[in-house]
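Commentary on secondary and tertiary structure
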Amino acid sequence: MEPAATRNCPHCDQPITIVALLATPEAIWRLPGRVVARLDRFNGQEIAERELAVARWLADNGVHTVRPAVVDRPVLVDGQPVTFWDELTPHRPGTAADVARLLKQMHQLPPPASLRLPPLEPLTKPTRRIANAGILTTDDRRWLQDHARRLAADFAGLPAGLPLCALHGDAWDGNDAVDADGTACLLDLENTCCGPPEWDLVSTSVKHRTTATVTAAAYEDFCSAYSMDVT
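Rules used in this analysis
Residues numbered from 1 in each chain as written. Predicted model: local features only at pLDDT ≥ 70, side-chain atom pairs only at ≥ 80, totals over all residues. Heavy atoms only, no water. Pairing = 2+ DSSP bridges. Helix = DSSP H or I, 4+ residues; strand = E, 2+ residues; numbered from the N terminus. Axes fitted to C-alpha atoms, helices over the stretch in contact; angles between N-to-C directions. Contact = heavy atoms within 4.5 Å. Salt bridge = Lys/Arg side-chain N within 4 Å of Asp/Glu carboxyl O. Buried < 20%, exposed > 50% of the residue type's maximum accessible area, 1.4 Å probe, protein only. pLDDT = per-residue confidence, 0-100. Phe/Tyr/Trp six-rings, centres within 6.5 Å; stacked < 30°, edge-to-face > 60°. Disulfide = S-S within 2.5 Å.

So, the sheet that holds strand E3 (residues 27-31)
In space, the four strands of this open sheet follow the order E3-E4-E6-E5, with antiparallel pairing throughout. With one partner strand each, in any of the chains shown, E3 and strand E5 (75-77) form the two edges of the open sheet. With direction set aside, neighbouring strand axes in the sheet form an average angle of 30 degrees. Inspection of the sheet shows E3 paired to strand E4 (residues 35-39) by five bridges, in the antiparallel sense. By the bridge assignment, Trp29 is partnered in E4 with Ala37. Where helix H1 (residues 45-60) meets the sheet, it contacts E4, E5 and strand E6 (80-86), and its direction lies at approximately 15 degrees from that of E6.

Quick look at the structure:
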């Protein structure tokens, strides 16, 4: 790490040093005054601004989520946006049913045009990572890129499902937390986009049917909480 800039903490007004990470583009820092600073990917100001806006929109509509702190816009440090959030109260990891209830609330909300949600493009990030992966041989990279193109074509040819809505984009039980009162909240809103709601349900179904990291009982609770089994 190396120091990049000094700012006053938005909560307690004490000077803090914001650092740019050399080894990884993203990190989370706990600051004085129960404030959390999140260092997002380089040149990701638009995503950071949208994440803050989505959090405010959800909170205003009764969906519990992480809450932006006093600073309502990202602070840019050498091209790396830093956003500030209220620290969560003591909590436990959420369950599959917890995330299903939150997703159902979110999916039922008509998103305002001001959010400028991008369309769901599930192969964009994998394609970028394949292109940038230094450990791949030329043949492996070509095979993966061809496979990604086939998957993208298959996805584009899917039949119409449920009406498009605002998606969390990375919905799994690791992205919700439950406080001491039993209130669950959504975390990690950087992948929010517009697309078929089935997309937010697929991750949990894969964890149940493919990797068996979600039990049959937990998956049944998930489907019951959302009122749908995507499979």
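Side note on the pattern of salt bridges
Taken as a whole, this structure holds 11 salt bridges when the rule is applied. In this structure, the salt-bridge partner of Arg38 is Asp40, at a minimum N-O distance of 2.8 Å. Its salt-bridge partner being Glu49, residue Arg73 comes within 2.8 Å of it at the nearest N-O pair. Taken together, the residues span a long stretch of sequence, with Arg73 in the loop between H1 and E5 and Glu49 in helix H1 at a distance of 24 residues. Judged by relative accessible area, which is 48%, Arg73 ranks as partly exposed. When salt bridges with common partners are traced through the structure, they connect Arg38, Asp40, Glu51, Asp188 and Glu190 into a single cluster.

Some points on the confidence of the model for the protein chain
Taken over all residues, the pLDDT of the protein chain has a mean of 88, while the share at 70 or more is 89%. Considering only residues more than four positions removed or in separate chains, one finds that residues 18-23, a stretch of pLDDT under 50, has 25 contacts.

So, the packing of aromatic side chains
For any pair of aromatic rings, geometry is given as the distance between the ring centres together with the angle between the planes. Enumeration over the complete set of coordinates arrives at two aromatic pairs. Seen from their ring centres, Phe155 and Trp199 are 6.0 Å apart, and the 80 degrees between their planes marks the pair as edge-to-face. Within this pair, whereas Phe155 is found in helix H4 (residues 138-156), its partner Trp199 is found in helix H5 (residues 198-209), the two being separated by 44 residues in sequence. The exposure class assigned to Trp199 is partly exposed, which follows from its relative accessible area of 31%. Ring geometry for Tyr219 versus Phe222: centroids 5.9 Å apart, planes at 20 degrees, classification stacked. Taken together, the residues span about one helical turn, with Tyr219 and Phe222 both in helix H6 (residues 216-226) at a distance of three residues. The buried category is assigned to Tyr219, whose relative accessible area is 6%.

Re the state of the cysteines
Considering all chains together, one arrives at zero disulfides under this definition. Here Cys165 stays free of any disulfide, with the sulfur of Cys194 as its closest cysteine sulfur at 7.1 Å. Given a relative accessible area of 6%, Cys165 falls into the buried group.

Some remarks on the sheet that holds strand E10 (residues 184-186)
Read from one edge to the other, the open sheet built from three strands follows the order E7-E9-E10, with strand pairing classed as antiparallel. Among the strands making up the open sheet, the edge pair consists of strand E7 (91-93) and E10. For this sheet, the mean inter-axis angle between neighbouring strands, taken without regard to orientation, is 35 degrees. Pairing of strand E9 (residues 176-179) with E10, which is carried by three bridges, proceeds in the antiparallel orientation.

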